[in-house]
Amino acid sequence: MDNKESFIVVDRVSFSYTAESGAREEAALKQVSLTVAAGEFVAIVGHNGSGKSTLAKHLNGLLLPTSGDVWVAGMNTKDEQHRWDIRQTVGMVFQNPDNQIVAATVEEDVAFGPENLGLPPELIRSRVDEALAVVGMSEYAEASPHSLSGGQKQRVAIAGVIAMRPRCLVLDEPTAMLDPVGRREVMETISRLNREERITVILITHFMDEAVKADRVVVMDGGRVVREGTPAAVFQEMDLLRGLRLDVPPVIELASRLRARSLALPEGILTVDEMVTALCQLRSRI
Amino acid sequence: MPIEIKDLTHIYNPGTPLARTAIRNINLTIEDGEIVAIIGHTGSGKSTLVQHLNGLLKPTSGTVKVDGVDINQKGVDLRTIRWKVGLVFQYPEHQLFEETVWDDVAFGPRNMRLSDEEVRARVERALAAVDIDPALANRSPFELSGGEKRRVAIAGVLAMEPSVLVLDEPTAGLDPRGRQDMLRQIQRLQEERHLTVVFVSHNMAEVGALADRLVVMERGEIVMEGPPKAVFAERDRLEAIGLGVPEMTALMAKLREMGWDVPVSVLTVDEAEKAIMAVLRREARVGTRGDL
């Protein structure tokens, strides 16, 4: 089932955490279905408690559905014998880079995963070099991770996952703790991995300006998928976003207001540059 | 109660091979009731600066005066300074430690040796100020959501009823709803209690919306200062130090580069809409189309 249409299939998944008392809590995921194609860049947005992180942890078998199924490259995450194949296929990156770094130097940290795979040393070397090059951190190979900025640490964490050669990266709010420079570095790295290395990317975020860069946006609320579509289509629904108290990107709000004043702006304006181009075209026709 | 910072320099580990100058020759006065945002990227000295405002860090040289009193002078009781200038750290929720929300918020006022009645009144006011349901008071802080925990931590500082509130990145890591609530509450505290507010932030849209004045730091020095519109008008300088401007300010700057006669000092969607419509209407009038 490893076709392009359905690299990851989430099929009517519900999930409840178990409380300390042993009782099931209210479902964190309720009948969630989602398909991700190979090479796609999907952003999942929603508040804390919307279920987006719980969904992310299902994509490589860290959590298993209470009901329903998750398929990764044709493997069911419930299937014990595929557990390690799945973890190798889908790499996870979390919010806090400090919790993900284990070694004394950057290259040892990146080598940690491939070493655990039992690869021969020369292959480990080449994978580490490659992974550091992909995230633009080669010159820091021998540095101590603790001397790095937040954005650099997060790129090392991504390199550590990339060195395992996953086909898909799931990133759970990777920029939440970073400053603007760090956020930009990490977002550029993610975009490049998707575009040039053709790695499937699933980005969990509550920054709408990051979601705008995806091929598709999935909006979650109360454990359900409430909307799904291109960024242009989803962000057009400003009432829905406001109702959920998510931020509406200012450019999109401006485009909608200008259209309401009957300016003939094209659909799908998401960025400042697209807005400048559209306005200049319009002006040249006055 | 103005805060006056004069020629403030702070060197970590002075006189050792690890010596590092974190801030250098800072001069800054913060007036009563002002909301001042300190921006700059990681390592620019923002946190070091704000930790001097209540005496948590001691200057290597220079002075910090609160209400005319040099807080690092001999004989000044720093505890009373900390009651006046409340400091909320980054990720303050990591410092919650009591068994209940109530006890955590009451910790400061109890140390002030206030009467039980006064402690109770203050805890109630502080929880109300950050919109924490009184029904949560007997819960463990660890059962709350991330946004709620942070608000409880802020209530713990508010309960000391300071006249200056200093917050180091109050919205970092919060989801959009948590961020919107936090900003609204800071604004309300300033309006209702006339608190002076100093906050550190990376988010240009939020400092533009909330602050009366921006202080931009780079490599330990103040490099720009002024009302948000004036600071954001210098987009090239901000970008050179790795900071951006709000999206609408950037849009206006790019339109100007394309020959549009729009003002540079635009922060909101409202203002941008008006500026764009004004240009198009003006040109439609002189051109052939009159339908705009």
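Whatever comes next refers back to the structure up there.
Here we summarise the structure given alongside this text. (Residues numbered from 1 in each chain as written. Chains lettered and ligands numbered in written order. Predicted model: local features only at pLDDT ≥ 70, side-chain atom pairs only at ≥ 80, totals over all residues. Heavy atoms only, no water.)

With respect to the interface of chain A and chain B
Counting from both sides, the interface comprises 34 residues of chain A and, opposite them, 36 residues of chain B. Across the interface of chain A and chain B, roughly 3,400 Å² is buried in total on both sides, 60% from carbon and sulfur atoms. Of all residues in chain A, Arg245(A), Arg283(A) and Ile286(A) give up the largest surface area on contact with chain B, accounting jointly for 21% of the area buried on that side. Remark: the boundary between chain A and chain B carries 7 salt bridges. (Contact = heavy atoms within 4.5 Å. Buried area = accessible area lost by both parts, 1.4 Å probe. Salt bridge = Lys/Arg side-chain N within 4 Å of Asp/Glu carboxyl O.)

Remarks on helix H5 (residues 146–158) of chain B
All names here are of chain B. Taking 1.5 Å of rise per residue, the 13 residues of H5 would be expected to cover 18 Å, and the 19 Å separating its terminal C-alpha atoms lies within 8% of that figure. With 10 of 13 residues buried, H5 lies mostly within the body of the structure. Of all the residues in H5, the buried ones are Gly147, Arg150, Arg151, Val152, Ala153, Ile154, Ala155, Gly156, Val157 and Leu158. (Helix = DSSP H or I, 4+ residues; strand = E, 2+ residues; numbered from the N terminus. Expected span 1.5 Å × (residues − 1). Buried < 20%, exposed > 50% of the residue type's maximum accessible area, 1.4 Å probe, protein only.)

Considering the nonpolar core
Counting residues in each nonpolar core, the largest one holds 50 residues, and the members touching the most others are Val105(B), Leu158(B) and Phe199(B). Ranked by residue count, the leading element in this core is H5(B), at 6 residues. Excluding its chain neighbours within four sequence positions, the residues that come into contact with Val105(B) are Val123(B), Ala126(B), Leu127(B), Val152(B), Ala155(B), Gly156(B) and Ala159(B). In terms of nonpolar packing, the next biggest core, distinct from the first, is built from 48 residues, Val93(A), Ala111(A), Leu178(A) and Val217(A) among them. (Core = buried A, V, L, I, M, F, W, Y, C linked by side-chain atoms within 4.5 Å.)

Quick look at the packing of aromatic side chains
According to the stated counting rule, one finds 2 aromatic pairs over all chains in the structure shown. Taking 4.8 Å as the distance between ring centres and 90° as the angle between the ring planes, the aromatic pair formed by Phe15(A) and Tyr17(A) counts as edge-to-face. Judged by relative accessible area, which is 32%, Tyr17(A) ranks as partly exposed. When the centroid spacing of 5.0 Å and the interplanar angle of 90° are considered together, the rings of Phe97(B) and Phe107(B) count as edge-to-face. With Phe97(B) in the loop between strand E6 (85–88) and helix H3 (101–111) and Phe107(B) in helix H3, this residue pair connects regions lying 10 residues apart in the sequence. Taking the relative accessible area as the measure of exposure, Phe97(B) reaches 47% and is therefore partly exposed. Over the ring of Trp84(A) we find Arg87(A); its NZ or CZ atom is 5.7 Å from the centre of that ring. Here the guanidinium or amino end of Arg183(A) rests over the ring plane of Phe207(A), the centre of that ring lying 3.7 Å away. (Phe/Tyr/Trp six-rings, centres within 6.5 Å; stacked < 30°, edge-to-face > 60°. Lys NZ or Arg CZ within 6 Å of the ring centre and 35° of its normal.)

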